[in-house]
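Here is what each chain is made of, one letter per residue.
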Amino acid sequence: MIFVALALRHVFHLGGSGALVSTSPFANSATTPAGVSAGAAIAAYSFLGFDAVTTLTEETVDPKRTMPRAILLIALIGGAIFVTVAYATQLAHPGARFDDEGSAAFEIAKGIGGDLFSSVFLVGLVVARFASGIAAQASASRLLFAMGRDGALPRTFFARVHPRYRTPALNILLTGAIGLIAIRLDVATSTSFINFGAFVAFTFVNVAVIATYLRMRRDGERPNPLTYAVAPTIGAAVDLYLLYNLDGAALTLGLSWLGLGVVYLAYLTRMFRNPPPGMAFHEAEGGQETASAPR
């Protein structure tokens with residue numbers, strides 16, 4: 001909020017567009033379809049992760065009630081923060097011209113509040129990155145543990161927990177090692193690589209809705225074609241368009257990773273003759289739902 005307040009002060013007194021209410025952050029002479037596509041990719045990257053809270057469902061009290069609320073609140077609160085900060089930033093620093101795009105946030109902070117504020121901002125940014133990294137590492141390692149326990153990944157490694165701390169220590173080390181690889185990637189490639197997985201997942205979510213629509217019609221039901229067919233078709237088309245416009249190196253990395261996943265799935269299902277491992281749910285004492293691998 002301090003950043004937003006200083007940005008608006010900068011707009012009124014020092015420069016920027018000079019108006020609190022303006023459409024320029026959303027559309028101006030520099031707006032192009034390619035720029036909108038790039039912005040959509042950045043928006044997807046910014047919003048990714050709100051669903052990671054579901055990986056801690058088994059450790060949550062009353063997850064059936066708590067988790068849906070948590071997911072919606074994270075998306076709404078995070079979205080409001082992103083939109084407000086991005087809007088104020090565009091008013092204070094119209095356009096996307098920077099001396100160094102890799103330190104754009106620092107440059108904007110310096111222009112808004114001077115050297116002292118930019119230093120404080122940088123400290124806050126470093127702390128926020130560490131917190132975000134710890135949250136991502138925790139959720140990814142917990143997800144790998146669940147997949148190992150369910151048989152989707154080798155149990156001997158991924159389903160092992162530390163005898164004292166009762167945490168998936170090997171998965172934590174693995175995700176940390178993979179995260180260090182990102183040090184060698186530039187911002188555009190790493191962002192696009194993450195978005196590759198997101199857009200592939202979003203595409204298949206839309207395809208799954210269409211498949212559900214066809215199955216419901218086959219069973220004699222009459223689902224709304226607008227919500228079950230038209231909307232997911234448009235969504236899948238947009239996702240594929242965004243996939244096509246990602247960074248070339250990210251597409252190569254993503255397709256290679258996807259290919260490895262398909263090969264492993266073929267091995268796991270005996271060339272797709274057997275169904276993949278599933279999850280069995282049961283109610284624990286106190287009404288808390290837990291999951292376990294089927295035997």
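Residues numbered from 1 in each chain as written. Predicted model: local features only at pLDDT ≥ 70, side-chain atom pairs only at ≥ 80, totals over all residues. Heavy atoms only, no water.

(A) Region of the structure containing the confidence of the model for the chain. Looking at the chain, pLDDT values average 80 and 84% of them are 70 or higher. For the chain, the element scoring lowest by mean pLDDT is strand S2 (residues 289–292), at 48; helix H5 (residues 155–158) scores highest, at 93. (pLDDT = per-residue confidence, 0-100. Helix = DSSP H or I, 4+ residues; strand = E, 2+ residues; numbered from the N terminus.)

(B) Molecular detail of the packing of aromatic side chains. Inspection of the entire model under this criterion finds three aromatic pairs. Note on Phe157 and Phe158: the rings are 4.9 Å apart at their centroids and 70° apart in plane angle, and the pair reads as edge-to-face. Of the residues examined, Phe158 reaches a relative accessible area of 14% and is grouped as buried. A centroid spacing of 6.4 Å and a plane angle of 65° characterise the contact between Phe199 and Phe202, whose relative ring orientation is edge-to-face. (Phe/Tyr/Trp six-rings, centres within 6.5 Å; stacked < 30°, edge-to-face > 60°. Buried < 20%, exposed > 50% of the residue type's maximum accessible area, 1.4 Å probe, protein only.)

(C) Summary view of the pattern of salt bridges. For the structure shown, the criterion picks out five salt bridges. Its salt-bridge partner being Glu58, residue Arg149 comes within 2.7 Å of it at the nearest N-O pair. Of the two residues, Arg149 sits in helix H4 (residues 104–149) while Glu58 sits in the loop between helix H2 (33–47) and helix H3 (63–92), which places them 91 residues apart along the sequence. Residue classification places Arg149 among the buried residues on the basis of a relative accessible area of 17%. As a salt-bridge pair, Glu59 and Arg142 come within 3.2 Å of each other at their nearest N and O atoms. Taken together, the positions of Glu59 in the loop between H2 and H3 and Arg142 in helix H4 put the pair 83 residues apart, joining distant regions of the chain. Taken together, the salt bridges that share partners define one network made up of Glu58, Glu59, Arg142, Arg149 and Asp150. (Salt bridge = Lys/Arg side-chain N within 4 Å of Asp/Glu carboxyl O.)

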